[in-house]
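As a plain string of letters, each chain reads:
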Amino acid sequence: MLVPCAFQLAAMAGRMLLLSPILSVATILVLPFMSFTIAILGEKLRRLSRKGQDSVANLSAYLNEVLLSIFVVKAYVAEGYEQMRFKKLAFVDYRAHLLKKKMKAFIPEVITAVYAATAVVLFGVGTWVISKGGFNASGMISFVTSLVFLIEPIQAIGKAYNDLKQGEPAIERLFELTANYSKIVEKAGAITLAKVSGDVKFSNVFFAYGDCPPWVLSNLHLDVRAGETVALVGPSGGGKTTLAKLLLRLYDPVHGQIYIDGHDIREIGLKSLRREVGIVPQDIVLFTGTVLENIAYGVLPDQMDFKAVEQAAGLANADEFIRKLPSGYHSNLGGRGSNLSGGQRQRLAIARAIYQNPSILILDEATSALDNNSEKLVREALDQLMRNRTVFVIAHRLETVQRADRIFVINGGRLVEEGTHSSLLAEGGLYSSLYTYKAEIGGLSSHPFI
Ligand SMILES: Nc1ncnc2c1ncn2[C@@H]1O[C@H](COP(=O)(O)OP(=O)(O)OP(=O)(O)O)[C@@H](O)[C@H]1O
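Quick caveat, the model's predicted, so the values are computed rather than measured.

Teacher, can you tell me more about the site of the ligand here?
Around the ligand, a shell composed of Y209, V216, S236, G237, G238, G239, K240, T241, T242, K245 and Y251 is seen. Within the backbone of G239, one N or O atom sits 2.9 Å away from an oxygen atom of the ligand. About the coverage of the ligand: the protein hides 57% of its 630 Å² of free accessible area. Here the shell around the ligand is built from residues that sort into three nonpolar, six polar and two charged.

Below is the structure:
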């Protein structure tokens, strides 16, 4: 579009110059004013478009959050409060879009006014030139016709400019999103692990989310043997979950290395690494889709092994309740599995991890208590899952801690104690005081170390 417009503009400007240099100069003097006006309005439109984009994003983020937690809203009788928050955000959105629409309607009016002013100037100068005898009426008509054809491409370019300004915020947001891309990149020539036994070593690891002190993990040395179950315990905020994130390579240490079977994990392909390191998070995440898709999560439909899914569900004590669902394994888990009980959700997550069959497992134990029967089913499922793997348990239950081969006590990002339940109690350090404190407040049987 720009090329034909530029040709038309040049041809008409040339013709006008030939017809009357004085009138052409008068016209040209108006052009910077017109461009300046268009630029200012374009910038205003860009800012309003940005506000519109932000308000839509805020509103949809809000709805996404509140609709998924509607039961909490109802339980806290917070409908009125949420209605007020929604109205506020909706009003901001309404105002932003209204202002944008107003500005879009206003711009052509301003441009028309600028044209009218140009016509008045030309009329005055034209009359003066004709009265001086340097120009006749037919020449004037020809000049005005050329001017009309000159304005046409200017209008088209102005419109394109406004469209660009209006679209700019969307492009800016896209660039902002791409700027947030993970810093974790796979090394060229990264290896694929073949058979993993599951030795894990953290060597002098320092980490901070902002890449500089204060450290979230500092001077961390851990040596975990293949098949060992280690419990990570310690006060809240000590760095246990961060340690697990580093093992999954969601972040890289600022200093130090992490090894799996002697390979620095930065040398391992991300797919291969995350295939071997599985996680059962504390907050179970189920997706809208079938039970089958949720257990074989991430596997393409034509590569799903239905028999293995059934087997995993069986080991996770989930097969029985799945079969009772209306369409068994093909039942849809609406609303992220909100129609399942807490224990059933946990067992599905365990079945997912069993299906993945990782060599190293990170288990962030749930803190929510289940009833005795459900607890027993989940416990048995976990026993199946933890068998023959290296397991890091971010442990909250005394039973898990006691059964671990070793316990690592993490405090303030440092490994402060290491040993078995009895050896650590005998040491009389942080572990022992956490244990005594929890025993005193009566939380011993359920969640001693959160
Ligand atoms: N994404 C993040 N960005 C910045 N700081 C973070 C982030 N995640 C965690 N932290 C901070 O890192 C520190 C360690 O957090 P982490 O979740 O690893 O502790 P934790 O021992 O697992 O705690 P908890 O037992 O309460 O789950 C905390 O001070 C926390 O505020």
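What is the right way to look at unusual backbone geometry in this model?
Peptide bonds are mostly trans, and most non-glycine residues show a negative phi. Of the consecutive residues P213 and P214, the connecting peptide bond is found in the cis state with omega at 5 degrees. Inspection of the secondary structure puts P214 in the loop between β1 (200-207) and β2 (217-224). You will see that N219, though not glycine, has its phi angle at about 50 degrees, which is positive. Positionally, N219 belongs in strand β2. Given a relative accessible area of 36%, N219 falls into the partly exposed group.

Mind showing me how you'd approach empty space enclosed by the protein here?
Inspection of the entire model under this criterion finds two cavities of 30 Å³ or more. Here the largest cavity is characterised by a volume of approximately 100 Å³. Residue lining of the largest cavity: 13 residues in total, with V280, Q346, L363, A366 and L382 positioned closest to the centre. Breaking the lining of the largest cavity down by element, the ones donating at least two residues are α11 (342-356), β7 (360-364) and α12 (372-386). Per-class residue counts for the lining of the largest cavity are eight nonpolar, two polar and three charged. Put simply, the second largest cavity is a space of about 40 Å³. The wall of the second largest cavity is formed by T27, V30, L31, M34, Y115, T118, L147, L150, I151 and I154. Within the lining of the second largest cavity, the residues separate by chemical class into eight nonpolar, two polar and no charged.

Just checking my understanding: could you explain the pattern of salt bridges for this structure?
It is possible for side chains of opposite charge to pair when their charged atoms get near one another. All chains considered together, the criterion is met by 17 salt bridges. Between E267 and K187 there is a salt bridge, and its shortest N-O distance comes to 2.9 Å. Within this pair, whereas E267 is found in the loop between β5 (263-264) and α7 (270-276), its partner K187 is found in the loop between α5 (137-179) and β1, the two being separated by 80 residues in sequence. We classify E267 as partly exposed; its relative accessible area is 35%. Overall, K187 belongs to the partly exposed group, its relative accessible area being 42%. Each member of the salt-bridge network shares a partner with another, and the members are R225, E228, R406 and E418.

Would you explain the pairing of strand β4 (residues 255-260) in this entry?
Side-chain positions along a regular strand alternate between the two faces of the sheet. One ladder, built from five bridges, connects β1 with β4; its direction is antiparallel. The residue bridging K201 from the neighbouring strand is Y259, located in β4. Bridge analysis of β4 against β5 gives two bridges, and the strand direction is antiparallel. For Y259, the partnering residue across the bridge sits in β5 and is D264. What sits between the antiparallel neighbours β4 and β5 is a turn of two residues, in which D261 has the positive phi angle 50 degrees.

Would you mind going over the sheet that holds strand β3 (residues 229-233) with me for this structure?
By definition, the strands of a sheet pair up through backbone hydrogen bonds, in either a parallel or an antiparallel sense. The strand order across the open sheet built from six strands is β6-β7-β8-β3-β9-β10, with neighbouring strands paired in mixed fashion. What marks the edges here is a single partner per strand, and that holds for β6 (277-280) and β10 (414-419). Here the strands of the sheet are splayed against their neighbours by 20 degrees on average, with no regard to which way each runs. Inspection of the sheet shows β3 paired to strand β9 (residues 406-411) by four bridges, in the parallel sense. What sits directly across from L232, in β9, is F408. Set on the sheet, helix α6 (residues 240-247) makes contact with β3, β6, β7, β8 (390-394) and β9; between it and β8 the angle comes to about 150 degrees.

Rules used throughout
Residues numbered from 1 in each chain as written. Predicted model: local features only at pLDDT ≥ 70, side-chain atom pairs only at ≥ 80, totals over all residues. Heavy atoms only, no water. Near = heavy atom within 4 Å. Polar contact = N/O pair within 3.5 Å; in protein donor to acceptor, adjacent residues only side chain to side chain. Areas by Shrake-Rupley, 256 points an atom, 1.4 Å probe, with all protein chains shown as cover. Nonpolar A, V, L, I, M, F, W, Y, C, P; charged D, E, K, R; others polar. Helix = DSSP H or I, 4+ residues; strand = E, 2+ residues; numbered from the N terminus. Buried < 20%, exposed > 50% of the residue type's maximum accessible area, 1.4 Å probe, protein only. 1 Å grid on protein atoms, 1.4 Å probe; cavity = no way out; pocket = protein on both sides within 12 Å on 5 of 7 lines; lining within 4 Å. Points joined across faces, edges and corners; volume = space filled by probe spheres on them. Salt bridge = Lys/Arg side-chain N within 4 Å of Asp/Glu carboxyl O. Pairing = 2+ DSSP bridges. Axes fitted to C-alpha atoms, helices over the stretch in contact; angles between N-to-C directions. Contact = heavy atoms within 4.5 Å.

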